[in-house]
Amino acid sequence: MVQSLDRSQGRAGGIAAAASDSPTFTGNRALQIEEPLIFEMGQPGRCGVDLPEPPKVKDRLNGLKRTGEIGLPGLSEPQVVQHYTRLSQKNYAIDMGVYPLGSCTMKHNPRINEKVARLPGIGDLHPLQPVSTVQGALELIDRLAHWLKTLTGMPAVAMSPAAGAHGEMCGMMAIAAALEARGERSKRRVVLAPESAHGTNPATAAALGFTVKPIPANERGRVDLASLKAALGSDVAAIMLTNPNTCGLFESEIVEISRAVHEAGAFFYCDGANFNAIVGRVRPGDLGVDCMHINLHKTFSTPHGGGGPGAGPVVLSAALAPYAPYPWIVKDGEKWRVAEDGAAVDGKPLGRLKAFHGQMGMFTRALSYIMSHGADGLKQAAEDAVLSANYVMAALKDVMTPAFEGPCMHEALFDDGFLKDTGVSTLDFAKAMIDEGYHPMTMYFPLVVHGAMLIEPTESQAKEDLDVFIAALRSLAERAKSGTAAEEFKAAPRFAPRRRLDETLAARKPVLRWRPSNNPPEGDPLKQAAD
Ligand SMILES: *Cc1c(COP(=O)(O)O)cnc(C)c1O
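Here the structure is a predicted model, which means the values were calculated and not measured. (Residues numbered from 1 in each chain as written. Predicted model: local features only at pLDDT ≥ 70, side-chain atom pairs only at ≥ 80, totals over all residues. Heavy atoms only, no water.)

Enquirer: Got a sec to walk through the domain arrangement of the chain? Specific residues and values, please.
Expert: When cut into domains, the chain gives domain 1 (144-370) and domain 2 (382-502). Using only C-alpha atoms to locate each centre, domain 1 and domain 2 end up separated by 32 Å. With 21 residues of domain 1 at the contact, the number on the domain 2 side is 16 residues. Taken as a group, C247, N276 and A277 account for 32% of the area that domain 1 buries against domain 2, more than any other trio of residues on that side. Across the pair R281 and E383 runs a salt bridge whose closest N-O atoms are separated by 2.8 Å. For the interface between domain 1 and domain 2, the tally reads five residue pairs in polar contact (both at pLDDT 80 or more). In the side of domain 1 that touches domain 2, the residues fall into nine nonpolar, eight polar and four charged. (Domains from an automatic or database assignment. Contact = heavy atoms within 4.5 Å. Buried area = accessible area lost by both parts, 1.4 Å probe. Salt bridge = Lys/Arg side-chain N within 4 Å of Asp/Glu carboxyl O. Polar contact = N/O pair within 3.5 Å; in protein donor to acceptor, adjacent residues only side chain to side chain. Nonpolar A, V, L, I, M, F, W, Y, C, P; charged D, E, K, R; others polar.)

Dropping the structure here:
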């Protein structure tokens, strides 16, 4: 919870205080329960379990033994269960309705994948089991690797990276190793990244000691080819380019870009986070890509969020394949083995990026997703994702302002032009969507578009649900443009458990530690714990 919330309201300050801010006696809104912090609910001395007195043992803590109470809130088991269940119900989720953040945050995860990942023998695997007992698991990794290579048209793949950003690190380390082998590592220190790049791209390049040079976009939202060519030289190691890009557009000059990059002796790193839009239709290998990470948790639909789990295998061209990190899954005759040292592989692996072999649960879900769709189904998913985005774009373009002309790929991108002089901002618009029962779309990203609103419906929303979503946005856009609703928008969300928070203050001065609100007496155990 953010600190701009006044804790003297709600249950913290007692039911009377809550009632003063609320039309109901309790502060609850129907079955939306006004939720205090767990510390505010606790009672000293209450405990959810009965533990026997520990036997007396000699203190060997050398004076470090805690003297005060531990300071945890005292609650019964049902209180804890109810608190967290109520909190969980305040989350919007992909399983609750239209979710315009799309595959990059989460698209529908078919339940068959979950079932397969939980099969005994897969769910119970341990990475330290003898290799003879995990032959099927190794074959599963290799089978997925085969699909990834086939779908991208690339000869090799490093399976172990644990996320997209980790895959970027892997791919850029392979590029650095290839440059080192050519004796050019110290000479080629620049990585080019379009202005619209996802933040992880420049972060990865910088973390590896490269200097990042931004490349501007043209008025069509694509990389400006002339600026790119002007930036290319003998000091450039690579370009990191997302395709389809973060404006939801296909880089139509990608072949020309890749040719120019290679002519300059540099490598082409493709950020494959948006692969969902082209899988089965376009093979990045045919576009001249040298390496590309695939966010299995985005395109191949494994549940993620809140930091994981993810998986970011990186496909590699022939030039980069020898540098793929350990472990390599190798087949000798009928038997699989895990190659983890120099003598065991025919290459120059750049080392290890991760303990063990990668994210087995994600591999299993991704392979299940791929095999249950088949090659034709994957292609249809990509086509449906693009169709849905264009449907949204076409249905909204007369009331909102598309950022760029023409059809889009998997995302419909609008700027805030339609809100000009209305007193309503992108943020207000997004908050008003919450009142209508929708999680807002991606806002203010990409940065190259003013007040950006980026909608990615994905392939899995029913048309009638999209129609209601579209109607809601049309209604909001028309209300905003009427010029009389600015105050209403500024007050949104009006029906959420929490109203508008001061997000700037929350980001600048986060309160990360709970303290009792009323000055605790000296030596208060809760205060000690908080300090
Ligand atoms: C999500 C994303 C990444 C980072 O991937 P993670 O799996 O979150 O580390 C990189 N680039 C783009 C364009 C993305 O959308």
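Enquirer: I'd like a rundown of the packing of helix α6 (residues 164-181) against helix α7 (residues 200-207), residues and numbers included.
Expert: Running from N to C, α6 and α7 cross one another at 45 degrees; their axes reach a closest spacing of 9 Å. Here α6 lies oblique to α7, going by the angle between them. Both α6 and α7 take part in a crossing whose hand is right-handed. For the pair α6 and α7, contact is made by A165, E168, M169 and M172 and by T200, N201, T204 and A207, respectively. Per-class residue counts for the contact of α6 with α7 are four nonpolar, three polar and one charged. (Axes fitted to C-alpha atoms, helices over the stretch in contact; angles between N-to-C directions. Helix = DSSP H or I, 4+ residues; strand = E, 2+ residues; numbered from the N terminus. Parallel < 35°, antiparallel > 145°, perpendicular 65-115°, else oblique. Left-handed = near helix turned anticlockwise from the far one by under 90°.)

Enquirer: Could you give an account of the packing of helix α5 (residues 135-152) against helix α11 (residues 360-396), naming the residues involved and the relevant values?
Expert: Packing of α5 against α11 leaves a shortest axis separation of 10 Å and a crossing angle of 45 degrees. One element, α5, and the other, α11, form an angle in the oblique class. The way α5 lies across α11 gives a crossing that is left-handed. The segment α5 lies against α11, with A137, L140, I141, R143, L144, W147, L148 and L151 engaging M360, F363, T364, A366, L367, I370, M371, G374, A375 and L378. The residue makeup of the contact of α5 with α11, split by class, is 15 nonpolar, two polar and one charged.

Enquirer: Which residues make up empty space enclosed by the protein, and what values do they have?
Expert: Applying the stated criterion across every chain yields a total of two cavities of 30 Å³ or more. One number sums up the size of the largest cavity: a volume of about 50 Å³. Taken together, C247, L249, M393, F404, E405, G406, P407, C408, E411 and L413 form the lining of the largest cavity. Broken down by class, the residue content of the lining of the largest cavity amounts to seven nonpolar, one polar and two charged. (1 Å grid on protein atoms, 1.4 Å probe; cavity = no way out; pocket = protein on both sides within 12 Å on 5 of 7 lines; lining within 4 Å. Points joined across faces, edges and corners; volume = space filled by probe spheres on them.)

Enquirer: Let's hear about a nonpolar patch on the surface: which residues, and what values?
Expert: Taken together, V80, Y84 and L87 make up a surface patch of nonpolar side chains, about 240 Å² in accessible area. For L87, the position within the fold is in helix α3 (residues 77-89). A relative accessible area of 32% places L87 in the partly exposed class. (Patch = residues over 30% accessible without salt bridge, like charges linked within 9 Å, V, L, I, M, F, W, Y side chains within 5 Å. Areas by Shrake-Rupley, 256 points an atom, 1.4 Å probe, with all protein chains shown as cover. Buried < 20%, exposed > 50% of the residue type's maximum accessible area, 1.4 Å probe, protein only.)

Enquirer: Tell me about the packing of aromatic side chains, residues and numbers included.
Expert: Inspection of every chain in the model, using the stated rule, returns seven aromatic pairs. Through a chain of ring-to-ring contacts, three or more aromatic side chains come together here, namely F275, F300 and Y369. (Phe/Tyr/Trp six-rings, centres within 6.5 Å; stacked < 30°, edge-to-face > 60°.)

Enquirer: Account for the pairing of strand β9 (residues 335-339), with residues named and values stated.
Expert: Both strand β8 (residues 328-332) and β9 contribute to a ladder of five bridges, which runs antiparallel. For V330, the partnering residue across the bridge sits in β9 and is R337. Between β8 and β9, which follow one another and run antiparallel, lie two residues, and G333 among them has a positive phi close to 60 degrees. (Pairing = 2+ DSSP bridges.)

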